[in-house]
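# Per-entry structural report
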Amino acid sequence: APSAFGELHSGYALLRNPSLNRGLAFTAKEREAQGLTALLPPAVYSLSLLVEQTRWQFERLERPLDKYTFLMDLQNRNETLFCKFVIDNVTEMMPFIYT
């Protein structure tokens, strides 16, 4: 059966594609279907929990440049998490995104 992520996007290639990578938010079924089982830790986290963890990491940073770099790195790794994080914290994130 064709994958929801496309035939060329499975396993390591899927994790390297920031627009498709959801990291630990992939369900167990998705991990098995996409060949991700051995590539990710066994824990499955909800997107909302990942946003909370991201917020904690972001708040620990003191310098604006570090916060900007953190956001750009997140976008390059996991666009789904990046977008959800920014949407949930749009007022606080705007100064860093529009730099």
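Below is a short write-up of the structure. (Residues numbered from 1 in each chain as written. Predicted model: local features only at pLDDT ≥ 70, side-chain atom pairs only at ≥ 80, totals over all residues. Heavy atoms only, no water.)

### Details of the packing of aromatic side chains
Condition: Only Phe, Tyr and Trp rings take part, Trp by its six-membered ring, and two of them pair if their centres are within 6.5 Å. Stacked means planes under 30 degrees apart, edge-to-face means over 60, and tilted covers everything else. A run of DSSP states H or I qualifies as a helix once it reaches four residues; a run of E qualifies as a strand once it reaches two. Both are numbered from the N-terminal end. Accessible area is worked out with a 1.4 Å probe on protein chains only. A residue is then buried under 20% of its type maximum, exposed over 50%, and partly exposed in between.
In total, this model carries three aromatic pairs according to the counting rule given. Ring centres of phenylalanine 58 and phenylalanine 85 lie 5.8 Å apart, and the angle between their planes is 65°; on these two criteria the pair is classed as edge-to-face. Of this pair, phenylalanine 58 sits in helix α3 (residues 47-60) while phenylalanine 85 sits in helix α5 (residues 79-88), and the two are 27 residues apart along the sequence. Across the pair, exposure class does not vary: phenylalanine 58 and phenylalanine 85 are buried alike.

### A closer look at the nonpolar core
Cut-off, in case you're wondering: Within this scheme, the nonpolar core is defined by two criteria: the residues are buried Ala, Val, Leu, Ile, Met, Phe, Trp, Tyr or Cys, and they are joined through side-chain atoms within 4.5 Å. Residues are treated as being in contact if the distance between any of their heavy atoms lies within 4.5 Å.
Core analysis: the largest hydrophobic core is formed by 15 residues, its most contacted members being Leu50, Phe58, Leu71, Leu81, Phe82, Phe85 and Met93. If we ignore the near neighbours within four places in the chain, the residues touching leucine 81 are Leu47, Leu50, Val51, Thr54 and Leu74. With five residues, the next largest nonpolar core counts Leu15, Phe26, Leu36 and Leu40 among its residues.

### Digging into α5
Selection rule: Starting at the helix axis, one direction is taken to each C-beta atom, and the arc is that of these directions.
Within α5, burial applies to Leu81, Phe82, Phe85 and Val86. Taken around the axis of α5, the buried residues stretch over an arc of 125°, which confines them to a single face. Buried-residue contacts for α5 involve α3, α4 (64-77) and α6 (90-97).

### Regarding the side chain of threonine 54
By the element assignment, threonine 54 lies in helix α3. Classification of threonine 54 as buried rests on a relative accessible area of 4%. In contact with threonine 54, other than residues within four places in its own chain, are Phe70, Leu74, Leu81 and Phe85.

### Details of the packing of α3 against α4
Definition in use: What counts as an axis is a line fitted to C-alpha atoms, over the stretch in contact for a helix, and the angles between N-to-C directions run from 0 to 180 degrees. Each angle receives one of four descriptions, namely roughly parallel if under 35 degrees, roughly antiparallel if over 145, roughly perpendicular if within 65 to 115, and oblique otherwise. Left-handed describes a crossing in which the near helix is turned anticlockwise from the far one by less than a right angle; the clockwise case is right-handed. Following the grouping adopted for this structure description, the nonpolar residues are Ala, Val, Leu, Ile, Met, Phe, Trp, Tyr, Cys and Pro, the charged ones are Asp, Glu, Lys and Arg, and the polar ones are all others, Gly among them.
Two elements in contact, α3 and α4, have axes separated by 9 Å at closest approach and are oriented at 150°. The angle between the axes of α3 and α4 places the two elements in the roughly antiparallel class. Along this stretch, α3 crosses α4, giving a crossing that reads as right-handed. Judged by residue contacts, Thr54, Gln57 and Phe58 of α3 engage Lys67, Phe70, Leu71 and Leu74 from α4. Among the residues making up the contact of α3 with α4, the classes are represented as four nonpolar, two polar and one charged.

### Section: the side chain of lysine 67
As for its position among the elements, lysine 67 is in helix α4. Setting aside its immediate chain neighbours within four residues, lysine 67 contacts Phe58, Leu61, Glu62 and Phe96.

### Let's talk about the pattern of salt bridges
Worth spelling out the cut-off: We count a salt bridge whenever a side-chain nitrogen from Lys or Arg sits within 4 Å of a carboxyl oxygen from Asp or Glu.
Counted according to the given criterion, the structure contains five salt bridges. Here glutamate 59 and arginine 55 are joined by a salt bridge, their closest N and O atoms 3.1 Å apart. Taken together, the residues glutamate 59 and arginine 55, both in helix α3 and four residues apart, mark about one turn of the helix. Exposure remark for glutamate 59: the relative accessible area of 45% places this residue in the partly exposed category.

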